[in-house]
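Read off the chains here:
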Amino acid sequence: AGPYAVTYIITTAEGCSDSITKNYTFTTYPNLTFNLTGTSPFCAGDSLTVRANGGTNVVWLNDNDTNRTKVFYNATRYRVRAFNGPLCFVEDDDTVVVYPNALVTAFSDTTIYRGGTATLYATGGTTFSWSPAAGLNATTGATVKSTTAQTRNYIVSGTDANGCSDDDTVTVTVIDPPFTRIPNIITP
């Protein structure tokens, strides 16, 4: 970057010479980098904080904001210019992609007799987690079986291929089997 002393020497054919010295300082181009903080992946309803590092000053070209840090809530293409002088700058950009939330659905509220089994299904994700674990044969998977002894609400949390998640609830209602009376005498 300098400073550098540059001397220009002129010599005539007769051997006369003169010189002038000028000092120059060169400005280097800034190295522009981004730090991202927030949820990953960036799903609907989340926020993403982007910090532009490098240069003595920065400007976000979307809105001429000069703060180094911006918070994004929606999909957008952001463009940043970093300066080390009025004519010494670099620009970079990136696109914030927002994935839609998963749409997990648990099917369906059901009633079983005490001691019976209910099969619970979920769709809308690639992985599923069920809670509470009480009465379940497994806590992961799209299909689980419940042999709960009491009425219980199960929450299924699902994550889709983009990494976005959603929850749904299914209720298993437990009832006692009907009482059947067997007579102890038989008449013709």
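Structure report, in brief. Nothing here was measured: the structure is a model prediction, and the numbers come from that model.

Turning our attention to the overall build of the protein chain. For the protein chain, the helix and strand inventory stands at 0 helices and 15 strands. In terms of C-alpha radius of gyration, the protein chain reaches 35 Å, well past the compact-globule figure of 16 Å for 188 residues. In terms of overall dimensions, the protein chain has C-alpha extents of about 150 × 30 × 20 Å along its principal axes. In the protein chain, which comprises 188 residues, the share counted as buried stands at 23%.

Attention shifts here to the side chain of Asp65. Along the chain, Asp65 falls in the loop between strand E5 (57–60) and strand E6 (69–72). Looking at Asp65, its side chain comes within polar contact range of the main-chain nitrogen of Asn67, at 3.0 Å. If we skip the residues at most four places from it in the chain, Asp65 touches Val58, Val59, Trp60 and Lys70.

A few words on the nonpolar core. Judged by nonpolar contacts, the single largest core of 16 residues is most densely connected at Leu120, Trp130, Tyr154 and Val156. Every element with two or more residues in this core is listed here: strand E11 (118–123), strand E12 (127–131), strand E14 (152–159) and strand E15 (165–175). What Val156 contacts, discounting residues up to four positions off in sequence, is Val104, Ala106, Ala122, Phe128, Ser129, Trp130, Asp166, Asp167 and Asp168. Within the second largest apolar cluster, 12 residues are counted, among which are Phe42, Val50, Phe72 and Tyr78.

Per the stated rule, a full pass over the model turns up 1 disulfide. Here Cys43 pairs with Cys164 through a disulfide, and the sulfurs are 1.9 Å apart. Negative torsions about the S-S bond denote left-handed disulfides, and the value of about -95° found for Cys43 with Cys164 makes this one left-handed. Of this pair, Cys43 sits in the loop between strand E3 (33–38) and strand E4 (48–53) while Cys164 sits in the loop between E14 and E15, and the two are 121 residues apart along the sequence.

With respect to topology, 4 strands assemble into an open sheet ordered E10-E15-E14-E12, the strand pairing being mixed. The open sheet has two edge strands, strand E10 (110–113) and E12, and neither has a second partner. Strand-to-strand twist in this sheet, taken as the mean axis angle between neighbours without regard to direction, amounts to 25°. Relative to E15, E14 runs antiparallel, the two being bridged by 8 bridges.

As a further point, take the packing of aromatic side chains. For any two aromatic rings, the description comes down to two numbers: the centre-to-centre distance and the angle of the planes. On inspection of all chains with the given rule, the structure shows 5 aromatic pairs. An aromatic cluster is present here, built from Phe34, Trp60, Phe72 and Tyr78 joined pairwise through their rings. Lying over the aromatic face of Phe89, Arg81 brings its terminal NZ or CZ to 4.6 Å of the ring centre.

With respect to topology, 3 strands assemble into an open sheet ordered E3-E4-E6, the strand pairing being antiparallel. The sheet terminates laterally at E3 and E6, the two strands that pair on one side only. Between one strand and the next, the sheet's axes are offset by a mean angle of 25°, whatever the strand orientation. Sheet analysis places E4 next to E6, joined by 4 bridges and oriented antiparallel. Bridge pairing in E6 links Leu48 to Phe72.

Moving on: the side chain of Arg152. You can see Arg152 is positioned in strand E14. An unpaired buried charge is present at Arg152: no salt bridge exists, and Asp109, the closest side chain of opposite charge, is 13 Å distant. Within the structure, the side chain of Arg152 is placed 3.2 Å from the side chain of Thr148, a separation counted as a polar contact. Apart from residues lying up to four places away in sequence, Arg152 is in contact with Pro132, Ala134, Val170, Thr171 and Val172.

Looking now at the pattern of salt bridges. All told, the structure shown has 7 salt bridges when counted by the stated rule. Close ionic contact of Glu91 with Arg81 constitutes a salt bridge, the shortest N to O distance being 2.3 Å. Placement of the pair is Glu91 in strand E8 (residues 88–96) and Arg81 in strand E7 (residues 76–85), with a sequence separation of 10 residues. Look at Glu91 and you get partly exposed, because its relative accessible area is 29%. Taken together, the shared-partner salt bridges in this structure form one network comprising Arg77, Arg79, Arg81, Glu91 and Asp93.

Criteria and thresholds
Residues numbered from 1 in each chain as written. Predicted model: local features only at pLDDT ≥ 70, side-chain atom pairs only at ≥ 80, totals over all residues. Heavy atoms only, no water. Helix = DSSP H or I, 4+ residues; strand = E, 2+ residues; numbered from the N terminus. Rg over C-alpha atoms; globule rule 2.2 N^0.38 Å. Buried < 20%, exposed > 50% of the residue type's maximum accessible area, 1.4 Å probe, protein only. Polar contact = N/O pair within 3.5 Å; in protein donor to acceptor, adjacent residues only side chain to side chain. Contact = heavy atoms within 4.5 Å. Core = buried A, V, L, I, M, F, W, Y, C linked by side-chain atoms within 4.5 Å. Disulfide = S-S within 2.5 Å. Pairing = 2+ DSSP bridges. Axes fitted to C-alpha atoms, helices over the stretch in contact; angles between N-to-C directions. Phe/Tyr/Trp six-rings, centres within 6.5 Å; stacked < 30°, edge-to-face > 60°. Lys NZ or Arg CZ within 6 Å of the ring centre and 35° of its normal. Lys, Arg positive; Asp, Glu negative; His and termini not counted. Salt bridge = Lys/Arg side-chain N within 4 Å of Asp/Glu carboxyl O.

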